[in-house]
Amino acid sequence: MKKSVLKHAALMTAILVAGSSALAQGKKVEFFSWWSGDEGVAANALFKLFEQKYPGVKVVNSAVAGAAGTNAKAVLKTRMLGGDPPDAFQVHAGQELIGTWVVSNRMEDLTPLFKSEGWLTKFPKDLIPLLSSKGGIWSVPVNVHRSNVMWFVPANLKKYGVTAPKTWDEFLTTCQTLKGKGLQTPLSVAGGFAEQHLWESVALGTLGTQGWNDLFSGKLKFTDPRAVKVWDTYGKVLDCANKDMASLTWQQATDRVVKGQAAFNVMGDWAAGYMSSTLKLKPNVGFGWAPSPGTAGTFMFLSDSFGLPKGAKDRTEALNFLKVLGSKQGQDVFNPLKGSIAARLDSDLSKYNVYSQSAAKDWKSNKIVGSLTHGVVAPESFMNDFGTVIDTFVNGRNAQAAAAQTQALADQAGIGK
Amino acid sequence: MRRVNRDQLTALAVLAPSLVLLAIFVYGFIARTAYTSLTDWGRDPSQALAANPVIRYIGFANYKDLFTGFLDARFRQDLVSALFFTVFFLAGCLLIGLLLALMLDRNPRGEGFFRTVFLFPMSLSFIVTGTIWAWMLQPSGGVNRLSPLVGLPAGQFEWLTSRTSIWQFDWNRLPLVTALVVAAVLVWVAVTAYREGARTRGHVAVACAALLALWALTGGVTVKLLPYPEPHGFNLAFVGIILAAVWQMAGYTMALYLAGLRGIPEELREAARVDGASERQVYTRVIFPLLAPITLSAMIILGHISLKIFDLVFAMAGPDNTQTDVPALLMYITAFRGNQFAKGAAIGVVLLVMVAAVIVPYLASTFRREART
Amino acid sequence: MTTLPTTTAPSAARPRRLDFTRALLYLGLLVATLFFLLPVYLLVVTALKDPSVISLDTTWQLPPAWHWSSFADAWAKVSGGLRNSLELTLLATAISAVMGSLNGYVLSKYSFRGANLLFALMLFGMFIPYQSVLIPLFQFVKSIGLYGTIWGLVLTHVVYGLPITTLIFRNYYGEVPDALVEAARIDGAGFWGIYSRIIFPLSVPGFVVVIIWQFTQAWNEFLFGVTLTNPASQPITVALAQLAGGQAVSWNLPMAGAILTAIPTLLVYVLLGRYFVRGLLAGSVKG
C-alpha cells in the first residue's frame, strides 16, 4: 500500500516536472485500435486506470471497428502516410508491425522503455525476440491469445466414444469413426480468417515446432515435400468439415460444436470467452479444450501490442500510456475483461477464469511460437495474399500449386532473407 | 468590338481555374498514376511506407504480374467478375426499367406514387443500399425467409457467401480464345470489304485472319501463361450484389425510358394502328426502335458505373470476400492495405482503360453529332 | 435533353383496354412495388427491434415492442460523420454550383475555337474511375496540408463535380436565346453585366437541379471519404460502413444508422423529386 502511494507520488512529480504547462492546455493521448463492443469494455477499463494514474491527461479513443481490424489497418495506413499518426496504435506483435512499420523506419525503438521499466525479465524469454528486429524492441504486448486450441463438448465426445485426437492422423481416423456414427461434419470451420487459422494449426501439428520456425526463417522451403504434405493433410481435414464455411462467422462455427452439430472446432482462445461469457457455459463441463492435434507442449501465440510512431503529437503521454499497458496492474485490469491472458509472467492469476488460468500455465511452461494468421511470423504483404492462396486451394485442392504460390509469396515478402 | 474582345478574355479567365483544376486532377493525376504503375513502389517493404521512398522504374512488370503472374489470380478473377457483373446488371436494369416504364406509360392510377417508389433508391448511397441488402441476404434469413411466409420451404441459396463458380474457363486458354475471336472479326471485316469491292482491304484481312488462326492452332493451343491451370468463372455470390445493384439503378433506366416513351408522339402510334398494326406490333415495329438510342446511352452510363462498382460491394460483402471482389475494390486494398502502391496504380490504369473504352467513343460521337447540328 | 415525365402524358386519350389487361397492369405494379419496398420494410422493422429479439427466423415479423434506443446509439456513432458530411456537402455543392454556372455561361455564350473539344475533355473527368487518380490525389492533398480535414474532401468534390455542373448549366443556358444576350450587349452590358442581369436571374431552376444533384453525390460518396479523412473528419458514409462492418454487431444498429444516413437525401428526393430526375437524366450527357 505504502509503496504504491510512494510510486503514485513519484509519478505525479514526474508528470508535473515533465510538463506542467501542457497540463493547463488539457493534455491528451490518442489511442488507435479496432476494439469495440466487449473488447471496448476492456479498453475502457484501461483508459480509466491511465486517467487515474495520470490525472489531467485525457485518452482520446479512436476505435475503427469492423472486419477484424482490417478497416482499422487501412485507416491507420492513410493516417501514417498522411503525416497524422496517432500517439499509440494497436498492431499484432511481431512481423505485422516490423514488416510494415519498422522496416520503413516509422517507429521508435522501445528498448530504453523496456530497460527502464525492467520488462526484459518480465516477459517469456521466447517472446522478446519475436518483438525485436534490427537491434530494437518495437512494441509493448498487452495481452496474449493462444491460436492452437481445439474445442469440444466433453459429454458429446463421451457419447460418441472418442477422445480429443493427439495427432492429425488420429484426427482423420476419429473423423471417419464419427462419420460412421452419423455425424456428417465432425469439424466445424468458419469462413475468412478461420480457414487460415485452421491451416496454421495443421501446419504446426504436421511440421512440429522446429519445422514451423524453420518455415518462417527460410530454412525450410514451402515447396519442401514436408511442407507440401501440410496442404495434403489440410485438404483431408477440410473433408471432415462443413461445406458452408464461408457463410459462418467464427461464433456460428463455435455454436455448431455447442449444439452438437459438429464435434470439434479449432479457434483461438477468444472462443473460451465467447462460450463462458456469452453462452454461459461452464469451462470443463459445458465446453472442453485441448491443444490442437500434434501441438501439445507448444503455445502458438498472438498478441495485441502498441508501438510508438515517430512524430507522435503527444510523445510523453504516449510513453506513459505504454508504461501502463506493460505494467502488471494494467495487464491484470485489461485481460480478465478481454478474455486473454497477460503477456507478463507475474500476473495475478486469481483474477482470471478457469480457462485463462490453464492457458497462463502453458504460457509459462510451453515452447512459444508465433501465429501466422494473426501477424506474428509474417508481414502483412504475405498475409494479404495468403488468404487468396487458401481460397484457391479450398476450391481447387491443388497442393503443389498452393505450395509453389506460398513460396513465391514468401520470396516476395522477403521471408528468410 | 473591343468590348467583345475584352469580354472574351474575361470569359476565358473565368473558365481558366476550372480548366487548370481539371487538368491537374484528371489528366495530371492519371499521368502520375500511369507512371507509378511502371515503378517498383511497394515491392520492397522497407520503401513502401517510408517517408521518402526510393522508387525505381521497372517497366511493365506490374502489368505482366497482373495478367500472367500466378500470385495475382485474384485480379484476373476480378476482371472476369466485373464483366459478368456488368452483363447481368445491364440486362437486369434495362429489362426491369423498360417493364416499369411500359407499365407507367399506360397511365395507371397513382402513377406519381409508383414513380416515386421505383426511383427512390437512386437517392440513396451505395453504402446504405449495401447495408440493407447485406441483411436481406443473410443465408438463413431475409430473402430466404420470404417463402415460408406463404407456406413454402425456406430458400437455401447462400447468396453472398456462396463459393460456387459456373461457366469456368482456364486463363491459359485466353490467348487462344482471343486469337480466335479476333480472327473471326477479321473474317467478318474481309467479307464486308469484298462486298464493298475493297479487294486489297479484304486480302489483308483474310491474310491476318489466316495467320492468327494458324498461330492459334499451332502455338496457341500449347501456350501456357501460368504453370497451373487457373479456372475463372461467374461466382454465384455475385447474384445478390447484382440484385441489390438492380434494385438501386433500375429506376434510372425507367426514368430514361419513360421520358423516351412520352416523347413519342401519339400520332405515330395511331398511324401504325390505322395501318393495321396489332398492339404488339405497335411496340415491336414503332416504339422499341425509337427507344434504341436510349438503350444505348443507358448501357453506356450503367456500363461504366458497373465497371467502377466499389462502395456497394464494400458495404455488402466486405473488402475481404474474395468471391465478390471487383477490380476497383482490389485496387484500394492492394494500395492502401497491402502497401503495393505500384500494383494498385496498375489496377487503376486497367480500370481506366476499360471505362475509357466505353466512354470515349460515346463522348466522341455525342460531340461530333453536336458539331454537325 | 429529352423531355421529362413530370405529368401524365396526353396518351390518356387511348380507348380503355379490357379489364383483364388493366388488372394485369396493377398486379405488375404491385409486384414491382413489393420488390422496391420490402427492403425498406425490413430496414425499418429491424431498426425498431430490441437486439435480443432479432433473429434470422423472425426476420420479417413486426417487433414485439417498439425499441427506439437503437437510433440514439447509432446517432452517437454517426453524428460526428453527419456533421462533417453536412459541412462538406454544403460547401462543395455551393462552390461547384457557382463555378459550374459561370463555366456553363462561358461555354454557351462565349464559345471559341476548340471549345467543344475542351468541354469533352472536361466531361471525361466525371466518368473516370477515381481509383485511377487515388494515389496521386492522396499525395497531393497531403502535400498541401489538407489531409485529415474536411477541406481536402471539399476540394476533391468541387473539382470532380465541375464536369457535371458545367454540363447542366451549359445545356440550360443553351436554351436562353442569343438575341437576349445580344440585346443586352448592345445596351452596353459586359460579361458580368449580362451574367448578373440576364443569365443569373434565369438560373434558379438550373441551380436547383445542380444543387440537388451535387448534394446527393457528395453526400453519398465513399471512396474519397475513406481515403482522405481520419476518424475526426470522416463523412457519414464511412461512419456507417464501420458501424455495419463489425462482425459481432447486432443488426438493429447498422439499420438505424442506415436510416439516419439516408434521411437527408431521401428528404431532398421526396420534396424536390422532379428536379432530382432532371439531374439524373442530365447525367446521360445528351444535349
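Computed from a predicted model, the values in this text were never measured in an experiment. (Residues numbered from 1 in each chain as written. Chains lettered and ligands numbered in written order. Predicted model: local features only at pLDDT ≥ 70, side-chain atom pairs only at ≥ 80, totals over all residues.)

Asks: Kindly report on the overall build of chain B, identifying the contributing residues and their values.
Replies: Each helix and strand counted, chain B has 15 helices and two strands in total. If one aligns the C-alpha atoms of chain B with their principal axes, the spans along those axes are about 75 × 70 × 60 Å. When each of the 373 residues of chain B is scored for burial, the buried share is 46%. By sequence separation, contacts in chain B at least 24 residues apart represent 71% of the contacts at least 6 residues apart. (Helix = DSSP H or I, 4+ residues; strand = E, 2+ residues; numbered from the N terminus. Buried ≥ 20, exposed ≤ 12 C-beta atoms within 10 Å, placed from the backbone. Contact = placed C-beta atoms within 7 Å.)

Asks: Describe the overall build of chain A, naming the residues involved and giving the relevant values.
Replies: Across its full length, chain A carries 17 helices and 13 strands. Relative to the 2.2 N^0.38 estimate, which gives 22 Å for 417 residues, the radius of gyration of chain A is 22 Å and therefore close to what a compact globule would have. Seen through its principal axes, chain A has C-alpha atoms that stretch 75 × 45 × 35 Å. Scored against the burial criterion, the 417 residues of chain A give a buried share of 55%. Long-range pairs, those at least 24 residues apart, make up 78% of the contacts in chain A between residues at least 6 apart in sequence. (Rg over C-alpha atoms; globule rule 2.2 N^0.38 Å.)

Asks: Quick rundown of the sheet that holds strand 1 (residues 27-33) of chain A? Include the residues and the values.
Replies: All names here are of chain A. Pairing in this open sheet of five strands is mixed, and the strands run 2-1-3-12-6 from one edge to the other. Looking at strand neighbours, the two that pair on one side only are strand 2 (57-63) and strand 6 (140-141), the edges of this open sheet. Two strands pair when backbone bridges link them, and strand 1 and strand 2 are joined in this way by seven bridges, in the parallel orientation. Note that in strand 2 the partner of valine 29 across the bridge is valine 59. (Pairing = 2+ DSSP bridges.)

Asks: Please give an account of the interface of chain B and chain C that cites residues and values.
Replies: At the junction of the two partners, chain B supplies 86 residues and chain C supplies 81 residues. No other element matches helix 1 (residues 2-36) of chain B, which puts 17 residues into the side of chain B that touches chain C. Looking at the side of chain B that touches chain C residue by residue, the classes come out as 53 nonpolar, 22 polar and 11 charged. (Nonpolar A, V, L, I, M, F, W, Y, C, P; charged D, E, K, R; others polar.)

Asks: Mind laying out the domain arrangement of chain A, listing which residues take part and the relevant values?
Replies: Residue and element names in this part refer to chain A. Segmenting chain A into domains produces domain 1 (2-143 + 302-365) and domain 2 (149-294 + 378-413). Summarising the inter-unit geometry, the C-alpha centres of domain 1 and domain 2 are found 30 Å apart. Taken together, the elements giving at least two residues each to the side of domain 1 that touches domain 2 come down to helix 4 (95-102) and helix 15 (354-365). No other element matches the four residues that helix 4 contributes to the side of domain 1 that touches domain 2. For the side of domain 1 that touches domain 2, the per-class residue count stands at four nonpolar, five polar and one charged. (Domains from an automatic or database assignment.)

Asks: Kindly report on the pairing of strand 8 (residues 149-152) of chain A, identifying the contributing residues and their values.
Replies: Residue and element names in this part refer to chain A. Going residue by residue along strand 8, you find Val149 and Trp151 tucked away on one face and Met150 and Phe152 tucked away on the opposite face as well. Judged from the four bridges that link them, strand 8 and strand 10 (residues 288-291) form a sheet pairing that is antiparallel. Directly across from phenylalanine 152, in strand 10, lies its bridge partner glycine 288. Two strands pair when backbone bridges link them, and strand 8 and strand 9 (residues 265-266) are joined in this way by two bridges, in the antiparallel orientation. The residue bridging methionine 150 from the neighbouring strand is valine 266, located in strand 9.

Asks: Break down the confidence of the model for chain A for me, with residues and values.
Replies: Residue and element names in this part refer to chain A. Summing up the model confidence of chain A, the mean pLDDT is 87 and the portion of residues at 70 or higher is 93%. Across residues 1-7, where pLDDT falls below 50, the model places zero contacts with residues more than four positions away in sequence or in other chains. Taken together, the stretch residues 9-24 has pLDDT below 50 and engages in six contacts with residues farther than four places along the chain or on a different chain. (pLDDT = per-residue confidence, 0-100.)

Asks: Can you tell me about the nonpolar core, naming the residues and giving the values?
Replies: Formed by 320 residues in total, the largest nonpolar core has its most connected members in Ala88 and Trp151 of chain A, Ala255, Val313 and Met316 of chain B together with Leu240 of chain C. Leave out the neighbours within four places in its chain, and methionine 316 of chain B touches Gly130, Trp133, Ala134, Leu160, Ile241 and Ala244 of chain B. (Core = buried A, V, L, I, M, F, W, Y, C linked by C-beta atoms within 7 Å.)

Asks: Quick rundown of the pairing of strand 1 of chain A? Include the residues and the values.
Replies: Residue and element names in this part refer to chain A. Judged by how many residues are buried, strand 1 sits mostly within the fold: five of seven residues are covered. By the bridge criterion, two bridges tie strand 1 to strand 3 (residues 88-92) in an arrangement that is parallel. Its bridge partner lying in strand 3, phenylalanine 31 is registered against alanine 88.

Asks: Break down the domain arrangement of chain B for me, citing the residues and quoting the values.
Replies: In many analyses, interface size is given as the accessible surface area lost on bringing the parts together. Parsing chain B into structural domains produces domain 1 (37-164 + 236-372) and domain 2 (170-220). Each of domain 1 of chain B and domain 2 of chain B has a C-alpha centre, and the two are 32 Å apart.

Asks: Which residues make up helix 6 (residues 126-136) of chain B, and what are the values?
Replies: Most of helix 6 of chain B sits inside the fold, with 11 of its 11 residues counted as buried. Here helix 6 of chain B has its buried residues at Phe126, Ile127, Val128, Thr129, Gly130, Thr131, Ile132, Trp133, Ala134, Trp135 and Met136 of chain B.

Asks: Hey, could you go over the confidence of the model for chain B for me, with residue numbers and the actual values?
Replies: Residue and element names in this part refer to chain B. When the pLDDT values of chain B are averaged, the result is 89; 98% of them are 70 or greater. Looking over chain B, one finds the lowest element-wise mean pLDDT in helix 2 (residues 45-48), namely 81, and the highest in helix 4 (residues 73-105), namely 94. Interface confidence for the predicted complex, given as ipTM, is 0.87, next to a pTM of 0.87.

Asks: Help me get a handle on the sheet that holds strand 10 of chain A, residues and values and all.
Replies: The antiparallel open sheet is built from three strands, whose spatial order is 9-8-10 (chain A). Edge strands, defined here as strands with exactly one partner in the open sheet, are strand 9 and strand 10 of chain A.

Asks: Pulling in residues and values, what's your account of the packing of helix 5 (residues 150-174) of chain C against helix 8 (residues 204-220) of chain C?
Replies: All names here are of chain C. Look at helix 5 against helix 8: their axes get within 10 Å of each other, and the N-to-C directions meet at 155°. As the angle between them shows, helix 5 and helix 8 are arranged roughly antiparallel. The hand of the helix 5/helix 8 crossing is right-handed. For the pair formed by helix 5 and helix 8, the contact residues are His157, Gly161, Ile164, Thr165, Ile168, Phe169 and Tyr172 on the first element and Gly206, Val209, Val210, Trp213, Gln214, Gln217 and Ala218 on the second. (Axes fitted to C-alpha atoms, helices over the stretch in contact; angles between N-to-C directions. Parallel < 35°, antiparallel > 145°, perpendicular 65-115°, else oblique. Left-handed = near helix turned anticlockwise from the far one by under 90°.)

Asks: Can you break down unusual backbone geometry residue by residue, with the values?
Replies: All names here are of chain B. If you check the backbone angles, tryptophan 167 has positive phi at about 55° while not being a glycine. Residue placement: tryptophan 167 occurs in strand 1 (residues 165-170). A count of 9 C-beta atoms within 10 Å places tryptophan 167 in the exposed class. Even without a glycine there, the phi angle at asparagine 339 is positive, about 65°. Tracing the sequence through the fold places asparagine 339 in the loop between helix 14 (327-336) and helix 15 (341-372).

Asks: Mind laying out the environment of threonine 406 of chain A, listing which residues take part and the relevant values?
Replies: Residues and elements named next belong to chain A. When you line up the elements, threonine 406 lands in helix 17 (residues 399-413). On the neighbour-count criterion, threonine 406 (26 C-beta atoms within 10 Å) is buried. When the C-alpha positions of threonine 406 and phenylalanine 222 are compared, they lie 6.4 Å apart, and in sequence the two are 184 residues distant. The residues touching threonine 406, leaving out its near neighbours within four places in the chain, are Phe222, Phe386 and Val389.

Asks: Which residues make up the packing of helix 6 (residues 178-186) of chain C against helix 7 (residues 191-199) of chain C, and what values go with them?
Replies: To describe two helices that pack against each other, one gives the angle between their axes and the distance between the axes. Residues and elements named next belong to chain C. For the pair helix 6 and helix 7, interaxial distance at closest approach is 10 Å and the crossing angle is 130°. Between helix 6 and helix 7, the crossing angle belongs to the class labelled oblique. Handedness of the helix 6/helix 7 crossing: right-handed. In contact with Leu180, Val181, Ala184 and Arg185 of helix 6, helix 7 contributes Gly193, Ile194, Arg197 and Ile198. Its residues placed into classes, the contact of helix 6 with helix 7 shows five nonpolar, one polar and two charged.

Asks: Tell me about the environment of leucine 95 of chain B, and please be specific about residues and values.
Replies: Residues and elements named next belong to chain B. Following the sequence through the fold, leucine 95 ends up in helix 4. Judged by C-beta crowding, with 13 C-beta atoms within 10 Å, leucine 95 ranks as partly exposed. With 158 residues separating them in the primary sequence, leucine 95 and threonine 253 have C-alpha atoms 8.8 Å apart.

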